[in-house]
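# Survey of secondary and tertiary structure
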Amino acid sequence: MHPAAHRASVPGSRTLPRLIATDLDGTLLRDDKSVSDRTVVALAAAEEAGVEVFFVTGRPARWMGVVSDHVHGHGLAICANGAAVVDLHRGRRMVRVRDLATEVALHVVETLREAAPGVSFAVERTGGIHYEPEYPPFHLDPGAVVATAEKLLSESGADGAGKPFARQPVLKLLAHHPSLEPDAFLTLGRVAAGHHAEFTRSSPSALLEISGHGVSKASTLALCCAERGISADEVVAFGDMPNDLEMLGWAGTSYAMANAHAEVLAATTHRTGSNEEDGVAAVIERLLARA
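Residues numbered from 1 in each chain as written. Predicted model: local features only at pLDDT ≥ 70, side-chain atom pairs only at ≥ 80, totals over all residues. Heavy atoms only, no water.

In total, this model carries two aromatic pairs according to the counting rule given. Seen from their ring centres, tyrosine 131 and tyrosine 135 are 6.1 Å apart, and the 35° between their planes marks the pair as tilted. As far as burial versus exposure is concerned, tyrosine 131 and tyrosine 135 are alike and both buried. Between the aromatic rings of phenylalanine 238 and tyrosine 255, the centroid separation amounts to 5.3 Å while the plane-to-plane angle is 15°, which identifies the pairing as stacked. One end of the pair, phenylalanine 238, is in strand 11 (residues 235–239); the other, tyrosine 255, is in strand 12 (residues 253–257), with 17 residues separating them in the sequence. (Phe/Tyr/Trp six-rings, centres within 6.5 Å; stacked < 30°, edge-to-face > 60°. Buried < 20%, exposed > 50% of the residue type's maximum accessible area, 1.4 Å probe, protein only. Helix = DSSP H or I, 4+ residues; strand = E, 2+ residues; numbered from the N terminus.)

Evaluation of the coordinates by the stated rule reveals 18 salt bridges. Between arginine 18 and glutamate 234 there is a salt bridge whose closest N-O contact spans 3.6 Å. Here glutamate 234 lies in the loop between helix 7 (217–227) and strand 11 and arginine 18 lies in the segment before strand 1 (19–22), a separation of 216 residues in the sequence. Residue glutamate 234 is classed as buried on the basis of its relative accessible area of 0%. We note a salt bridge from lysine 217 to aspartate 23, for which the minimum N-O separation is 2.9 Å. (Salt bridge = Lys/Arg side-chain N within 4 Å of Asp/Glu carboxyl O.)

Our next topic: a negative patch on the surface. On the surface, Asp31, Asp32, Glu276 and Glu277 cluster together into a patch of negative charge. By the secondary structure assignment, glutamate 276 is in the loop between strand 13 (270–272) and helix 10 (279–290). (Patch = residues over 30% accessible without salt bridge, like charges linked within 9 Å, V, L, I, M, F, W, Y side chains within 5 Å. Areas by Shrake-Rupley, 256 points an atom, 1.4 Å probe, with all protein chains shown as cover. Lys, Arg positive; Asp, Glu negative; His and termini not counted. Charge placed at Lys NZ, Arg CZ, Asp CG, Glu CD.)

What follows is about the packing of helix 4 (residues 102–115) against helix 6 (residues 182–193). Running from N to C, helix 4 and helix 6 point in directions that differ by 125°, and their axes come no closer than 10 Å. Relative to helix 6, helix 4 is oriented oblique. For the pair helix 4 and helix 6, the sense of crossing is right-handed. In this structure, helix 4 contributes Val108, Thr111, Leu112 and Ala115 to the contact, and helix 6 contributes Leu188, Gly189, Ala192 and Ala193. Taken together, the residues that form the contact of helix 4 with helix 6 break down as six nonpolar, two polar and no charged. (Axes fitted to C-alpha atoms, helices over the stretch in contact; angles between N-to-C directions. Parallel < 35°, antiparallel > 145°, perpendicular 65-115°, else oblique. Left-handed = near helix turned anticlockwise from the far one by under 90°. Contact = heavy atoms within 4.5 Å. Nonpolar A, V, L, I, M, F, W, Y, C, P; charged D, E, K, R; others polar.)

Looking now at the side chain of aspartate 159. Residue placement: aspartate 159 occurs in the loop between helix 5 (149–152) and strand 8 (170–176). One buried charged residue, aspartate 159, remains without a salt bridge, the closest side chain of opposite sign being lysine 163 at 5.6 Å. Engagement of the side chain of aspartate 159 in a polar contact is seen with the side chain of glutamine 168, the distance being 3.1 Å. If sequence neighbours within four positions are ignored, aspartate 159 has contacts with His130, Val145, Phe165 and Gln168. (Polar contact = N/O pair within 3.5 Å; in protein donor to acceptor, adjacent residues only side chain to side chain.)

Turning next to the confidence of the model for the protein. Put simply, the protein has an average pLDDT of 92, and 95% of its residues get 70 or more. Contacts of residues 1–9 to residues separated by more than four positions or lying in other chains number 26 contacts, the stretch itself having pLDDT below 50. (pLDDT = per-residue confidence, 0-100.)

What follows deals with the sheet that holds strand 5 (residues 93–97). Within the open sheet, the eight strands sit side by side as 5-4-3-2-1-11-12-13. Their pairing is mixed. Single-partner strands in this sheet number two, and they are strand 5 and strand 13. Neighbouring strand axes in the sheet, compared pairwise and without regard to direction, differ in orientation by 25° on average. Across four bridges, the pairing between strand 3 (residues 76–79) and strand 4 (residues 84–87) is antiparallel. Counterpart to cysteine 79 in the pairing with strand 4 is alanine 84. (Pairing = 2+ DSSP bridges.)

In this section: the sheet that holds strand 6 (residues 120–125). Spatially, five strands are ordered 7-6-8-10-9 in an open sheet, and the strand pairing comes out antiparallel. The open sheet is flanked by strand 7 (128–131) and strand 9 (198–200), the only strands paired with a single partner. For this sheet the average axis-to-axis angle between neighbouring strands, irrespective of direction, equals 20°. Pairing geometry for strand 6 and strand 8, over six bridges, is antiparallel. Of the residues in strand 8, the one forming a bridge with glutamate 124 is lysine 172. Sheet strands touched by helix 4: strand 6, strand 8, strand 9 and strand 10 (207–211). Its angle to strand 8, the strand with the most contacts, is close to 5°.

This is the structure in structure tokens:
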């Protein structure tokens, strides 16, 4: 057992965790994508008490402005479902990248085109996102290149600013289907190509998020914790969607939001209020009050 494992927090205990890992959308953020005043206070109080807080999200680094002002201490966040560790104190600079090999991404594209006719793709690189003409547009990313996935995955291509794709590792591949049921699409993707890459989802639509083999929120969080001498037993995690499952299973204590996906509710022991009810803040307040 890790020498500090006695600090692990469970409901009813009087010891603090060493680290809180929380998802953002549907978990820490309200539906309007804001951070409530109550949550801001709770996060600051946790850091003041010596508990590190990691934001662990499927969002890319450039969409982290919503929480940048609420990062204390280390200033790190885990983005793109574990594909990037970002320093929010230094202009959202990526300090660790766990990429998806382009040849693997191309194989997944080919396989899904055959298995799910009508699918369209987007490619998230370290420099930004680019997508196919049929893919739902990203209004937050007006500089995206629109082309076939095969072209977007070409090492000879370039983004809208002329920066070569070859210098921008692929963080994840996204696959959207206009009519399939979301969980059924996830199952299809995993059966067709899950032995090549990691498949998950966090959107209410049929949108798959595909990362390099072994890359997940959990595996990157474990790496970050190991660097700090923090064991899984010393971590409390919060989440609401399938892309949180591995993290919730890895952490010593995990909470599903009241609004969580059925699979998340089934896989976790503890519950808290919904994101609209400041469920994360409520647990942090209880942890600090008992310490």
